Amino acid sequence: MAFVYLALAIVAEVVGTTALKASEGFTKLWPSVTVVVGYALAFYLLALVLRTIPVGIAYAIWAGLGIVLVTVAGVVLYGEKPDLPALLGIAMIIGGVAVIQLFSSVSAH
C-alpha cells in the first residue's frame, strides 16, 4: 500500500501546485481551496508512506515525479514550453528515480 499512497500523494501535490498558478496569488477562491486541500492531502499521504519507505527514498520519488508531472501540467494547461536544458534535466530526474527503484538497497521494493 505504501506505493499506492505515494502515487496518490504525488497526484495530490501536482494538483495543488497546478492550482497554485491558477489561484493567482490566492486571489481566486476555488483554485486557492484546491491548493490547500491538495497539499494537505499530499502531506497526509506522504506521512503514511513514511511508515514503510525511508524518508530519503520516498521524498526523492515524490519530488522527482512531482517535478515531471507539474512540468507536463504546465505544458498542457498553461501552454508552457520547456527548452532543451529543461527537458534534459527532467530526463535525468526520471533516470534518478529509476535508479533508486531498480538498484537501491534502501528502497522498499
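Residues numbered from 1 in each chain as written. Predicted model: local features only at pLDDT ≥ 70, side-chain atom pairs only at ≥ 80, totals over all residues. Heavy atoms only, no water.

Right, let's get into the overall build of the protein. When its secondary structure is counted, the protein shows four helices and zero strands. Taken from N to C terminus, the helices and strands of the protein fall in the order α-α-α-α. Counting only C-alpha atoms, the protein reaches 45 × 35 × 15 Å along its principal axes. The buried share of the protein, taken over its 109 residues, is 31%. Contacts in the protein between residues far apart in sequence, at least 24 positions, make up 64% of those at least 6 positions apart. Surface summary for the protein: the accessible area is close to 6600 Å², and the carbon and sulfur share equals 76%. Where the 4 positive side-chain charges of the protein centre and where its 4 negative ones centre are 7 Å apart. (Helix = DSSP H or I, 4+ residues; strand = E, 2+ residues; numbered from the N terminus. Buried < 20%, exposed > 50% of the residue type's maximum accessible area, 1.4 Å probe, protein only. Contact = heavy atoms within 4.5 Å. Areas by Shrake-Rupley, 256 points an atom, 1.4 Å probe, with all protein chains shown as cover. Lys, Arg positive; Asp, Glu negative; His and termini not counted. Charge placed at Lys NZ, Arg CZ, Asp CG, Glu CD.)

Attention now moves to the UniProt feature "transmembrane region" (unreviewed entry) in the protein. Per the UniProt record, the feature "transmembrane region" (unreviewed entry) sits at residues 29-50, 57-78 and 84-103. Measuring from the first to the last C-alpha atom of residues 29-50 gives 32 Å, for a span that is 95% helix and 0% strand. Taken end to end, residues 84-103 is 100% helix and 0% strand, and its first and last C-alpha atoms sit 28 Å apart. (UniProt positions renumbered as here; feature names shortened; annotations may be inferred.)

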